[in-house]
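If you want the building blocks of each chain, they are given just below.
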Amino acid sequence: MLTLSFSANAELKIMKAKSLDIQKITGNNIDTASLNFAISEYLISEKLDGIRAYWNGNELITRSGNKIHAPDWFTAHFPTTSLDGELWIERGKFQLLTQIVMDNTPDEDAWRSVKYMVFDLPLSPLPFEQRYQDLRQLISTISTQNDYLFAIEQKSVDDLTILTQWLDIVVNNHGEGLMLQHRDNQYVAGRTNQLLKLKQHQDAEAIVIGYEEGNGKYQGQMGAVWVKTASNETFKIGSGFTDQQRKSPPAIGTTIQYRFNGYTDRGIPRFARFNRIRLSPDS
């Protein structure tokens, strides 16, 4: 059985997903068998844009090992067994969620909009399909006592066209993407090929190092930010910002998350657009 560490301020040894390139399963003349990818062998759920949270049987902890100061009533009747999941409100509410969850003094009224969406039983030695059935049964026995604990729905798909249509629906309705977990996957610490995240875009982070003034309607405001990546690549991002963010752009030194679609011949992210400010290591 896997033993996880959840000591204060120590990063949790949790299972992490690898990215599945949408082009590899939808491109022309792709032999999916050569990718060792059989869609029917996976259980699939929506990828929630939330905050990863580990329940150790006593308290909620972020992936960085920091305690989440949830109200006592929020976790009342949570089981004594460990759970792995996401704190979530709804699609498009990540920034609001971060403000609520990262506050050391919980706003009791605000927390009533938060849900703990559980996707795994990390200490179970069973393969994922059996873990999921146990998880559903466990949470069903608690649901009458707690209104904030849910098991994320897992579905089976046997056709790649249906998978990509599902992805389109989620993304077009402001969702993040899909998660695919192999039915036989054991819960292991670190990244595994048997847990995959599928999006229509790629995500990365960079630090704001400067600004470029806008033109036209954005004259006198921020038109683009110059950023530097961990590999010291510099480029500008000019889309994805709201009008308010252009008037008051992310401060120099701020870490931002951006989305893009592949790379140019020079290795620069293609079609980079601003997504959000990273407020903490857990956001």
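Before reading on, note that the structure itself is shown above.
Observations concerning the side chain of Asn146
Within the secondary structure layout, Asn146 lies in the loop between helix H5 (128-142) and strand E7 (149-151). Since its relative accessible area comes to 4%, Asn146 is described here as buried. Looking at Asn146, its side chain comes within polar contact range of the main-chain oxygen of Phe74, at 3.1 Å. Leave out the neighbours within four places in its chain, and Asn146 touches Trp73, Phe74, Thr75, Ala76, His77 and Phe78.

What about helix H6 (residues 160-172)?
Here H6 contains 13 residues, and its C-alpha end-to-end distance of 18 Å stays within 8% of the 18 Å for a straight helix at 1.5 Å per residue. If you check which residues of H6 are buried, you get Leu163, Thr164, Trp166, Leu167 and Val170. Down the axis of H6, the smallest arc covering the buried residues is 155°, so these residues share one side. The exposed set on the far side of H6, more than 90 degrees from its buried face, consists of Ile169 and Asn172. At the N-terminal boundary of H6, the capping side chain belongs to Asp159, with an oxygen 2.7 Å from the backbone nitrogen of Thr161. Where H6 terminates, the next one or two residues include His174, which has phi positive at roughly 70°.

What about the nonpolar core?
Soluble globular proteins tend to bury their nonpolar side chains together. Formed by 26 residues in total, the largest nonpolar core has its most connected members in Leu60, Phe74, Leu87, Trp111 and Tyr116. For this core, the elements supplying multiple residues, two or more each, are strand E3 (51-55), strand E5 (83-88), helix H3 (94-101), helix H4 (108-111), strand E6 (115-120) and H5. No other element matches the 4 residues that H3 contributes to this core. Other than its neighbours up to four places away in sequence, Leu87 contacts Gly50, Ile51, Ala53, Leu60, Ile68, Phe74, Leu97, Val101, Trp111, Val114, Lys115 and Tyr116. Core analysis: the next-biggest nonpolar cluster, separate from the first, contains 14 residues, Val208, Met222, Val227 and Tyr258 among them.

Structural notes on the sheet that holds strand E1 (residues 15-20)
Strand order across the open sheet formed by 4 strands is E1-E9-E8-E2, with mixed pairing between neighbours. Looking at strand neighbours, the two that pair on one side only are E1 and strand E2 (42-47), the edges of this open sheet. Here the average twist between neighbouring strands, direction ignored, is 40°. As judged from the 4 bridges shared by strand E8 (residues 177-182) and strand E9 (residues 190-198), these two strands associate in the antiparallel manner. Paired with Gln181 across the two strands is Leu195, which belongs to E9. Across the sheet, H6 lies against E2, E8 and E9, angled at about 140° from E8, the strand it touches most.

A closer look at the packing of aromatic side chains
For the structure on display, the rule yields 12 aromatic pairs. With 6.3 Å between their ring centres and 65° between their planes, Trp73 and Phe74 make a pair best called edge-to-face. With a centroid separation of 5.5 Å and an interplanar angle of 75°, the aromatic rings of Phe235 and Tyr258 are classed as edge-to-face. One end of the pair, Phe235, is in strand E12 (residues 234-237); the other, Tyr258, is in strand E13 (residues 255-260), with 23 residues separating them in the sequence. Put simply, the rings of Trp55, Trp73, Phe74, Phe78, Trp111, Tyr116 and Tyr148 touch in pairs and so form one group of aromatic residues. Seen from the ring of Trp73, Arg112 lies directly overhead, with NZ or CZ sitting 4.0 Å from the centre. Across the ring face of Phe94, the terminal group of Arg276 is positioned such that the distance to the ring centre comes to 3.6 Å.

Criteria and cut-off values
Residues numbered from 1 in each chain as written. Predicted model: local features only at pLDDT ≥ 70, side-chain atom pairs only at ≥ 80, totals over all residues. Heavy atoms only, no water. Helix = DSSP H or I, 4+ residues; strand = E, 2+ residues; numbered from the N terminus. Buried < 20%, exposed > 50% of the residue type's maximum accessible area, 1.4 Å probe, protein only. Polar contact = N/O pair within 3.5 Å; in protein donor to acceptor, adjacent residues only side chain to side chain. Contact = heavy atoms within 4.5 Å. Expected span 1.5 Å × (residues − 1). Arc of directions from axis to C-beta. Core = buried A, V, L, I, M, F, W, Y, C linked by side-chain atoms within 4.5 Å. Pairing = 2+ DSSP bridges. Axes fitted to C-alpha atoms, helices over the stretch in contact; angles between N-to-C directions. Phe/Tyr/Trp six-rings, centres within 6.5 Å; stacked < 30°, edge-to-face > 60°. Lys NZ or Arg CZ within 6 Å of the ring centre and 35° of its normal.

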